[in-house]
Amino acid sequence: MLEESNVNYYARRFPKVFNYAKGDIVFDQNGDEYLDFFSGAGTLNYGHNNPKLKEAAISFLNEDRILHCLDMDSVIKKEFIEKFDLLLAKRNLPYKLQFPGPTGTNAVEAAIKLARKVTKRRHIVSFTNSFHGMTATSYALSASKAESLQHAISQDILFFPYCDFENGIVDSMAFLEKMILTPGTGYQLPAAVILETIQAEGGVKIASVEWLKQLRAFTEKNNIILIVDDIQVGCGRTGHFFSFERAGIVPDIVLLSKSISGLGLPLSLLLLKPELDIWNPGEYNGTFRANNLALCTAKKALDYWMDDKLENEVKAKSQIIHNYLQTVEEMPDVVNIRGIGLIWGIEFIDGDTADRISKELFEQKLIIETCGNDGQVLKLLSPLTISEENLVKGLQQIIDVIKADSSYNTVLKDEVISSL
Ligand SMILES: Cc1ncc(COP(=O)(O)O)c(C=O)c1O
């Protein structure tokens, strides 16, 4: 049989063959049921096969609406833009909209190319533990992939400590400012700074509001373009539609993908301040931009943001997670618990512990991923629409497995000590 390349990853982490999915539940080919605390790495914020989005897609197909027309105008594109404009207007955000290719990394590549074109500078600031994708520039920007960065093409990236790097070993903002602005450091004024306001793959690291505000002030003062990569933690993951809303800042460029289509269809958006839009027509293109089926479900998904209902539900569920996880905060193998909205991380003493716990949870039919530079963080990323009942069920499972793992280790340690 034709074999899939070794590069396949998630099939090895979650070795079952999946077939059906509904909401927060996934079924394998034997009909076994799994609770999803992974959500396609942030792609399924509204759950699998969300009925309202699915219905919109089915009608679109049944009516023979135009599926592909490159970036020619279509009624659905215009309808999506109109509705997205409402979302931006409600937040007083002044952007224009660009459709890059369909995946997150396409948006990253486009943003960097534009920032270099606008500023006529080359260097880009990125941060420790960042992740921005797997194509040439986005890969080179990803400090969390440092072990394989030797394959990356040199891209003039300047890596700096993220907020609270190594528990605040350096004042990361003062360091950034000094290195960029002081003559003789070997650094040049960059075209842009790119960041995730919460580093998801990097280990659920949360930038503070104060740090985000300082970064915005610094970049604004020095005409450096601020790019927020909201590909994983945008679309409501933090409780607000955009992750930077909690800091009250307005980035120059915002990148969205993953959950923007809502149904798991590929779609990316780049939001840019109008004055940055110096592209010539066709200067940045690609066959699969503004995919009409994805725009149809994306338009429908925006209904979730026309009022505060989902936002409030996310906040309430976040509180439930916080309350539950407090019970394991003092466990010996747990270093720290942190989160916002519906992205939470449990950091363990090492990657082996987190890996063991994630595997045991999968045995117990809960899908949950690890992240962080050593894979030491268990990342809780359920759909935003998860039922409270299933949220609590999953949290209880996580707590039980952590407790069982910890007492098993204690017994092991005791046995080793008594055999000495
Ligand atoms: C923050 C962030 N940026 C960019 C990407 C790349 O997106 P894609 O895999 O769709 O290219 C990811 C993917 O996980 C991500 O989490």
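All values derive from a computational prediction rather than experimental measurement.

### A short note on the overall build of the protein chain
Working step 1: Along its length, the protein chain carries 12 helices and 17 strands.
Working step 2: The globule rule puts the C-alpha radius of gyration for 420 residues at 22 Å, and the 22 Å found for the protein chain is close to it.
Working step 3: Overall size of the protein chain, expressed as C-alpha extent along the three principal axes, is 70 × 65 × 50 Å.
Working step 4: Expressed as a percentage of its 420 residues, the buried residues of the protein chain come to 54%.
Working step 5: Partitioning the intrachain contacts of the protein chain with sequence separation of at least 6 by distance along the chain shows that 72% fall at a separation of at least 24.
Working step 6: About 19,100 Å² of surface is accessible on the protein chain, with carbon and sulfur atoms providing 53% of the total.

### A closer look at the site of the ligand
Working step 1: For the ligand, the full set of nearby residues is T103, G104, T105, F131, H132, G133, E196, D229, I231, Q232 and K258.
Working step 2: Contact between the ligand and T105: an oxygen atom at 2.9 Å from a main-chain N or O atom of the residue.
Working step 3: Coverage of the ligand by the protein chains reaches 83% of its 390 Å² of free accessible surface.
Working step 4: A class-by-class count of the residues in the shell around the ligand yields 2 nonpolar, 6 polar and 3 charged.

### A word on the packing of aromatic side chains
Working step 1: For the structure shown, the criterion picks out 20 aromatic pairs.
Working step 2: Here the aromatic rings of F127 and W211 are separated by 5.2 Å at their centres, their planes lie at 65°, and the arrangement is edge-to-face. Within this pair, whereas F127 is found in strand β5 (residues 124-127), its partner W211 is found in helix α8 (residues 209-221), the two being separated by 84 residues in sequence. W211 carries the same exposure label as F127, and that label is buried.
Working step 3: Taking the centre distance of 5.1 Å and the plane angle of 25° together, the rings of F242 and F244 count as stacked. Across this residue pair, the class does not change: F242 and F244 are buried.

### Brief notes about the domain arrangement of the protein chain
Working step 1: The domain architecture assigned to the protein chain consists of domain 1 (10-50 + 308-419) and domain 2 (65-305).
Working step 2: Taking the mean C-alpha position of each, domain 1 and domain 2 sit 27 Å from one another.
Working step 3: Between domain 1 and domain 2, the residue contacts involve 35 residues of the former and 29 residues of the latter.
Working step 4: When the two sides are added together, the surface that domain 1 and domain 2 hide from each other amounts to roughly 2,500 Å², 52% of it contributed by carbon and sulfur.
Working step 5: Of all residues in domain 1, Y46, I340 and I343 give up the largest surface area on contact with domain 2, accounting jointly for 25% of the area buried on that side.
Working step 6: Between domain 1 and domain 2 we count 2 salt bridges in total.
Working step 7: For E201, the salt bridge goes to K379, with nearest N and O atoms at 3.0 Å.

### Some points on the packing of helix α3 (residues 51-62) against helix α9 (residues 292-301)
Working step 1: It is at 9 Å that the axes of α3 and α9 come closest, and there the two elements cross at 140°. Comparing their axes, α9 and α3 come out oblique. Like other packed secondary-structure pairs, α3 and α9 cross with a definite hand, here right-handed. Along the contact surface, α3 presents K52, L53, A56, A57, F60 and L61, while α9 presents N292, L293, C296, T297, K300 and A301.

### Quick word on the pattern of salt bridges
Working step 1: Taken as a whole and assessed by the stated rule, the structure comprises 23 salt bridges.
Working step 2: With its nearest N and O atoms 2.6 Å apart, the salt bridge here joins D156 to R122. With a gap of 34 residues between them, D156 in the loop between α6 (136-140) and β6 (157-160) and R122 in the loop between α5 (104-119) and β5 connect regions that are remote in the sequence.
Working step 3: We classify D156 as partly exposed; its relative accessible area is 27%.

### Focus: the pairing of strand β14 (residues 343-348)
Working step 1: By the criterion of burial, β14 is predominantly enclosed, with 6 of the 6 residues buried.
Working step 2: Side chains I343, G345 and E347 of β14 all project onto a buried face; the interleaved residues W344, I346 and F348 project onto the opposite face, where all are buried too.
Working step 3: Examined bridge by bridge, strand β13 (residues 334-340) and β14 share 6 bridges and lie antiparallel to one another. Across the sheet, V334 pairs through a bridge with F348, a residue of β14.
Working step 4: The loop that links β13 with its antiparallel partner β14 comprises 2 residues; one of these, G341, has a positive phi angle of about 50°.
Working step 5: Relative to strand β17 (residues 377-380), β14 runs antiparallel, the two sharing 4 bridges. Looking at the pairing, W344 lines up with L380 of β17.

About the cut-offs
Residues numbered from 1 in each chain as written. Predicted model: local features only at pLDDT ≥ 70, side-chain atom pairs only at ≥ 80, totals over all residues. Heavy atoms only, no water. Helix = DSSP H or I, 4+ residues; strand = E, 2+ residues; numbered from the N terminus. Rg over C-alpha atoms; globule rule 2.2 N^0.38 Å. Buried < 20%, exposed > 50% of the residue type's maximum accessible area, 1.4 Å probe, protein only. Contact = heavy atoms within 4.5 Å. Areas by Shrake-Rupley, 256 points an atom, 1.4 Å probe, with all protein chains shown as cover. Near = heavy atom within 4 Å. Polar contact = N/O pair within 3.5 Å; in protein donor to acceptor, adjacent residues only side chain to side chain. Nonpolar A, V, L, I, M, F, W, Y, C, P; charged D, E, K, R; others polar. Phe/Tyr/Trp six-rings, centres within 6.5 Å; stacked < 30°, edge-to-face > 60°. Domains from an automatic or database assignment. Buried area = accessible area lost by both parts, 1.4 Å probe. Salt bridge = Lys/Arg side-chain N within 4 Å of Asp/Glu carboxyl O. Axes fitted to C-alpha atoms, helices over the stretch in contact; angles between N-to-C directions. Parallel < 35°, antiparallel > 145°, perpendicular 65-115°, else oblique. Left-handed = near helix turned anticlockwise from the far one by under 90°. Pairing = 2+ DSSP bridges.

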